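Spelled out from the first residue to the last, the chains are:
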Amino acid sequence: MNFTLTEEQMAVRDAAREFAQKELLPEVIERDEEQRFPAEQIKKLGELGFMGMMTPTQYGGSGMDTVSYVLAMEELSKIDASASVVVSVNNSLVCWALEKYGTEAQKQKYLTPLAKGEVIGAFCLSEPEAGSDATSQRTTAVDKGDYYLLNGTKNWITNGNSASIYLVMAQTDVEKRHKGINCLIVERNMEGFAVGKKEQKMGIRGSDTHSLMFTDVKVPKENRLGVDGEGFKIAMTTLNGGRIGIAAQALGIASGAYELALKYSKERKSFGKPIHEHQAIAFKLADMATKIEAARLLCLKAAQLKDAKQDYALASAMAKLYASQVAMEVTTEAVQVHGGYGYVREFHVERLMRDAKITQIYEGTSEIQKIVISRALLTEN
């Protein structure tokens, strides 16, 4: 594989880095403390084309490759993972699913405004009793002829209160289990739809995570994504790409923490010399940099396979598993390098450490990734 970046890819990376420094860094600590959604920054990201990076230009997107998306996600996540997760969900879960499985009418009506960043989307799979076990959907979509009657609750929904368009997985035929699940496009203003409580989170506190309630919501048949019973397949294939975005987010969190630790190690003096000259610190930095580079290569491999239209499920699971582990390890060490200063908010690394943990949980826990990886390996052999 060739990991040499093109001029266009480097331009995307540099644009994301500049935006992160100029637009995301100011007040990032305040947004975290106040759990404030970065609405203004997300709007600007949409105007710059970051909310529909991989969507074809004919539907309002930027028509970029997945590698460019990974590069942008890393740069944004170095500074503000709360903002980058909004970009990730909109791009790799909502826009991609609509592009892959939507009808032309659905693409014109829903995909185009999403890709342009005019509205935000949400992906609704998790439930109180169906987190990692996506086959146990209790939200129901009863077929009423020309519409589905939707009832149920979804939990842990990113962009829950900020989205206008929701992709909702629901069970239509219980006897068929996972083959009886459908994916429905729900609009925020549909009668019977309500946004529940906002979760009080340890990390990515600027991202709005809510439960959602559906009470006799009438969803037109033309709002079903894909054919009847294809919802579970849509969810699983979409998550394969979503894992690339989360892996890139984890990579960015780790990179951001490392860069702060490296900078601090050159400025902070102990026993008459910069602390990076002490072997204990130098070895930490070496380990951090090596792990980050390995995670980056895994992310790029998954992205290149996706761009080449090859099977990337295994690669994306490996990238997500390893990058999320690295995010936790590196941010923990970054706090350690900072010593007592790493434990206070003004130095940013404690926030990055809190943000890192969620990358091991959403889009499937680390244990789920290991199941995906082991099954793929056993199938191959």
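Described below are features of the structure shown in this document. (Residues numbered from 1 in each chain as written. Predicted model: local features only at pLDDT ≥ 70, side-chain atom pairs only at ≥ 80, totals over all residues. Heavy atoms only, no water.)

1. Some words on the overall build of the protein
- The secondary structure content of the protein amounts to 11 helices and 10 strands.
- Taking 2.2 N^0.38 as the reference for a compact globule, 381 residues should give roughly 21 Å; the C-alpha atoms of the protein span a radius of gyration of 21 Å, in line with that estimate.
- Seen along its three principal axes, the alpha-carbon backbone of the protein occupies a region of about 80 × 50 × 40 Å.
- Looking at the protein as a whole, 55% of its 381 residues are labelled buried.
- Contacts in the protein between residues far apart in sequence, at least 24 positions, make up 74% of those at least 6 positions apart.
- Summing over all exposed atoms, the protein offers an accessible surface of approximately 16,600 Å²; the carbon and sulfur share of this is 52%. (Helix = DSSP H or I, 4+ residues; strand = E, 2+ residues; numbered from the N terminus. Rg over C-alpha atoms; globule rule 2.2 N^0.38 Å. Buried < 20%, exposed > 50% of the residue type's maximum accessible area, 1.4 Å probe, protein only. Contact = heavy atoms within 4.5 Å. Areas by Shrake-Rupley, 256 points an atom, 1.4 Å probe, with all protein chains shown as cover.)

2. Considering the environment of His348
- Mapped onto the secondary structure, His348 falls in the loop between α9 (313-338) and α10 (349-358).
- A C-alpha to C-alpha distance of 8.9 Å links His348 and Ile79, two positions 269 residues apart in sequence.
- Excluding its chain neighbours within four sequence positions, the residues that come into contact with His348 are Leu25, Val28, Ile29 and Leu260.
- A polar side-chain atom of His348 sits 2.8 Å from a polar atom in the side chain of Arg351. (Polar contact = N/O pair within 3.5 Å; in protein donor to acceptor, adjacent residues only side chain to side chain.)

3. As for the state of the cysteines
- Evaluation of the coordinates by the stated rule reveals zero disulfides.
- In this structure Cys124 is a free cysteine whose sulfur lies 8.9 Å from that of Cys183, the closest cysteine sulfur available.
- Cys124 sits in the buried class, given a relative accessible area of 0%. (Disulfide = S-S within 2.5 Å.)

4. Notes on the nonpolar core
- Ile42, Leu76, Leu98, Phe123, Leu167, Leu225 and Val330 are the most contacted members of the largest nonpolar core, which totals 91 residues.
- At 16 residues, the largest contribution of residues to this core is made by helix α7 (residues 231-267).
- Ignoring sequence-local partners within four residues, the contact set of Phe123 consists of Val89, Leu93, Val94, Ile157, Leu167, Met169, Ala235, Thr238 and Leu239.
- Of all hydrophobic cores here, the second largest spans 18 residues; its members include Tyr148, Leu150, Leu212 and Val217. (Core = buried A, V, L, I, M, F, W, Y, C linked by side-chain atoms within 4.5 Å.)

5. Here's the deal with the packing of aromatic side chains
- For the structure on display, the rule yields six aromatic pairs.
- Between Tyr341 and Phe347 the ring centres are 5.1 Å apart and the planes differ by 45°, which places this aromatic pair in the tilted class.
- Residue classification places Phe347 among the partly exposed residues on the basis of a relative accessible area of 23%.
- Linked through ring pairs, Tyr166, Phe193 and Phe214 together constitute an aromatic cluster.
- When the ring centre of Tyr148 is taken as origin, the NZ or CZ atom of Lys221, which lies over that ring, is 5.2 Å away. (Phe/Tyr/Trp six-rings, centres within 6.5 Å; stacked < 30°, edge-to-face > 60°. Lys NZ or Arg CZ within 6 Å of the ring centre and 35° of its normal.)

6. Overview of a nonpolar patch on the surface
- On the surface, Tyr341, Tyr343 and Val344 cluster together into a nonpolar patch covering about 350 Å² of accessible area.
- Along the polypeptide, Tyr343 turns up in the loop between α9 and α10. (Patch = residues over 30% accessible without salt bridge, like charges linked within 9 Å, V, L, I, M, F, W, Y side chains within 5 Å. Salt bridge = Lys/Arg side-chain N within 4 Å of Asp/Glu carboxyl O.)

7. Considering the packing of helix α4 (residues 66-79) against helix α5 (residues 81-101)
- With their axes 7 Å apart at the nearest point, α4 and α5 run at an angle of 155° to one another. As summarised for this structure, α4 and α5 are arranged roughly antiparallel, according to the angle between their axes. In contact with Tyr69, Met73, Leu76, Ser77 and Ile79 of α4, α5 contributes Ala81, Ser84, Val87, Ser88, Asn91 and Ser92.
- Tallied by class, residues from the contact of α4 with α5 come to six nonpolar, five polar and no charged. (Axes fitted to C-alpha atoms, helices over the stretch in contact; angles between N-to-C directions. Parallel < 35°, antiparallel > 145°, perpendicular 65-115°, else oblique. Nonpolar A, V, L, I, M, F, W, Y, C, P; charged D, E, K, R; others polar.)

8. A word on the pattern of salt bridges
- For the coordinates displayed, the defined rule picks out 25 salt bridges.
- A salt bridge links Lys197 to Glu199, with the nearest nitrogen and oxygen atoms 4.0 Å apart.
- Residue Glu199 is classed as buried on the basis of its relative accessible area of 10%.
- Among the ionic pairs, Arg351 bridges to Asp355, the shortest N-O distance being 3.9 Å. Separated by four residues within a single helix, Arg351 and Asp355 lie in helix α10, roughly one turn from each other. For the pair Arg351 and Asp355, one class covers both residues: buried.
- Sharing partners across several salt bridges, the network here consists of Arg13, Asp14, Arg17, Glu75, Lys78 and Glu259.

9. Thoughts on unusual backbone geometry
- Phi is positive for Arg177, close to 50°, though the residue is something other than glycine.
- Inspection of the secondary structure puts Arg177 in the loop between β4 (165-171) and β5 (181-187).
- Residues other than glycine seldom take positive phi values, yet Ile204 does so here, at roughly 35°.

10. Brief notes about the packing of helix α1 (residues 7-24) against α4
- Close contact between α1 and α4 brings their axes to 8 Å; oriented N to C, the two are set at 20°. The pairing of α1 with α4 is recorded here as roughly parallel in orientation. Crossing of α1 over α4 shows right-handed handedness. Of the residues in α4, those in contact with Gln9, Val12, Arg13, Ala16, Arg17, Phe19, Ala20, Gln21 and Leu24 of α1 are Val67, Ser68, Leu71, Ala72, Glu75, Leu76, Lys78 and Ile79.
- Across the contact of α1 with α4, the residue classes break down as 10 nonpolar, three polar and four charged. (Left-handed = near helix turned anticlockwise from the far one by under 90°.)

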